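# Structural overview for review
As a plain string of letters, each chain reads:
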Amino acid sequence: PTSAQVNVVPHSERFCYTLDNDVLTTEQRQFYEDNGYLLVKKLISDEDIERFRKEFTRICKREVDPPGVMVMKDESLKSQFGQSEKVVNKVQDFQEDKELFRYCTLPEVLRYVECFTGPNIMAMHTMLINKLPDSDTQTFLHPMHQDLHYFPFRPASRIVCAWTAMERADRDNGCLVVQPGTHKTPLKPHGYPKCQGKTNKLFHGLLDEDEKTPKVHLVMEKGDTVFFHPLLVHGSGINRTSGFRKSISCHFASSECYYIDVKNTIQEHLEKELEEMVHQKYNVTSVELKDIWIFRARLVQGERINL
């Protein structure tokens, strides 16, 4: 199928977005159905988080250089802090880093992921975010967006993000902000919002955000994990503290999902932007959006079928 339309495949008369198993309570399933996210307290141990933190520091210091990893920096701070975590905003695509990729294979994470994807699970997109202290320039604000904008695979209902706070996340240091129930809406046009100041490359946001839609700030403690649908409208504010707000996340999908052609859809301009970036970095031509995701994808449980 090449349609970019989002089809929800119901698995029971009552639940469209979760699968039948004995992990989630009826109340948890209903909450996710209604709101598009589910917060699980204290899911990841302090020991694991400390290991992820140490590996992040090693990557920042270039003590390790895993292939494929994209290290995003605030270049304006480089002269002041050199090679350190004080300039690195994000480590993305860490599928080749054994220590960080452990997050995607943790049994306690996959136990919940399977409630949304089924037993055949692919890790599609990995990130460790280090939200730097910010100012009114709002360099590290991520505008409200839907993650499905970046994904050339469907159906959306078999994709889920696991996002774990590596320390307390609140309104002061730029916690996640969600718009409950927006996972039931279609994929909307994204781009670089004109109302924002300086924006980082590929930090796309909704071009026409409905300001009247209620927002919820997800205050989370260290180890808390939120699972959310790829159509849920969400973002994060700026970090007004002097510390660093870290989180680690992975987007998972059922390996039974399929790739779509985004040409002639509202995702086509994203494909063109990524194609230009890949051409500049690797001098490769004619790259499709799905080629990038095929490169990133890793099987973490079950059988690899389509993705």
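Refer to the structure printed above.
Let us look at the structure shown here. Not measured: the values here are computed from a predicted model. (Residues numbered from 1 in each chain as written. Predicted model: local features only at pLDDT ≥ 70, side-chain atom pairs only at ≥ 80, totals over all residues. Heavy atoms only, no water.)

Moving on to the overall build of the protein chain. Helix and strand counts for the protein chain stand at seven helices and 16 strands. A burial count over the protein chain gives 54% of its 307 residues as buried. Once local pairs closer than 6 in sequence are excluded, the contacts in the protein chain between residues at least 24 apart make up 82%. For the protein chain, the exposed area adds up to about 13,900 Å²; of that, 50% sits on carbon and sulfur atoms. (Helix = DSSP H or I, 4+ residues; strand = E, 2+ residues; numbered from the N terminus. Buried < 20%, exposed > 50% of the residue type's maximum accessible area, 1.4 Å probe, protein only. Contact = heavy atoms within 4.5 Å. Areas by Shrake-Rupley, 256 points an atom, 1.4 Å probe, with all protein chains shown as cover.)

With that settled, consider the sheet that holds strand S13 (residues 234-236). Ordered in space as S5-S13-S8-S11, the four strands form an open sheet in which the pairing is antiparallel. One side of each edge strand has no neighbouring strand; the edge strands of this open sheet are strand S5 (142-145) and strand S11 (216-217). Sheet topology note: the strand S8 (residues 176-178)/S11 ladder contains two bridges and is antiparallel. Bridge pairing in S11 places valine 178 opposite valine 216. (Pairing = 2+ DSSP bridges.)

Under the criterion given, the structure shown has 16 salt bridges. Across the pair arginine 58 and glutamate 55 runs a salt bridge, and its minimum N-O distance is 2.9 Å. On the criterion of helical spacing, the pair formed by arginine 58 and glutamate 55 is a turn pair, its members being three residues apart in helix H2 (residues 46-60). Residue classification places arginine 58 among the partly exposed positions, given a relative accessible area of 36%. The salt bridge involving arginine 296 is made with aspartate 93; its shortest N-O contact spans 2.9 Å. One end of the pair, arginine 296, is in helix H7 (residues 289-296); the other, aspartate 93, is in the loop between strand S3 (88-92) and helix H4 (98-105), with 203 residues separating them in the sequence. According to the relative accessible area criterion, arginine 296 is buried, its value standing at 10%. Among the charged side chains, a salt-bridge network with shared partners connects Asp48, Arg51, Glu99 and Arg102. (Salt bridge = Lys/Arg side-chain N within 4 Å of Asp/Glu carboxyl O.)

Counting buried positions along H4 gives six out of eight residues, so the element sits mostly inside the fold. Along H4, the positions that sit buried rather than exposed are Glu99, Leu100, Phe101, Arg102, Tyr103 and Cys104. Put simply, aspartate 97 is the residue that caps the front of H4, since its side-chain oxygen is 3.1 Å from the backbone nitrogen of glutamate 99. (Polar contact = N/O pair within 3.5 Å; in protein donor to acceptor, adjacent residues only side chain to side chain.)

Another point: the pairing of strand S14 (residues 245-254). Along any regular strand the residues' side chains alternate between the sheet's two faces. Most of S14 sits out of view: ten of its ten residues are buried. Alternating positions in S14 separate into two faces, Arg245, Ser247, Ser249, His251 and Ala253 on one and Lys246, Ile248, Cys250, Phe252 and Ser254 on the other, with burial throughout. Both strand S4 (residues 121-131) and S14 contribute to a ladder of ten bridges, which runs antiparallel. Within the sheet, the bridge partner assigned to asparagine 130 lies in S14 and is lysine 246. For strand S7 (residues 159-165) and S14, the ladder comprises seven bridges, and the chain directions are antiparallel. What sits directly across from valine 160, in S14, is phenylalanine 252.

A few words on the nonpolar core. Membership of the largest hydrophobic core comes to 41 residues, with the highest contact counts inside it found for Tyr103, Cys104, Val109, Phe227 and Phe252. With six residues, the single largest contributor to this core is helix H5 (residues 107-117). Look past the residues within four positions of tyrosine 103 in its chain and what remains in contact with it is Ile44, Phe52, Val109, Ala162, Trp163, Thr164, Thr225, Ile248, Ser249 and Cys250. Judged by nonpolar contacts, the second largest core, of 24 residues, contains Leu148, Leu231, Val278 and Ala297. (Core = buried A, V, L, I, M, F, W, Y, C linked by side-chain atoms within 4.5 Å.)

Once that is clear, we can look at the side chain of glutamate 271. Structurally, the position occupied by glutamate 271 is in helix H6 (residues 268-282). The exposure class of glutamate 271 is buried, given its relative accessible area of 7%. A distance of 2.8 Å separates a polar atom in the side chain of glutamate 271 from the backbone nitrogen of leucine 289. The contacts of glutamate 271, once residues within four sequence positions are left out, are Val262, Lys263, Val287, Glu288 and Leu289.

Applying the stated criterion across every chain, the model contains nine aromatic pairs. Through a chain of ring-to-ring contacts, three or more aromatic side chains come together here, namely Tyr32, Tyr112, Phe116 and Phe227. Here the basic side chain of arginine 111 rests over the ring of tyrosine 112, its NZ or CZ set 5.6 Å away from the ring centre. For the cation-ring pair, arginine 296 lies above tryptophan 293, with the distance from its terminal atom to the ring centre recorded as 4.4 Å. (Phe/Tyr/Trp six-rings, centres within 6.5 Å; stacked < 30°, edge-to-face > 60°. Lys NZ or Arg CZ within 6 Å of the ring centre and 35° of its normal.)

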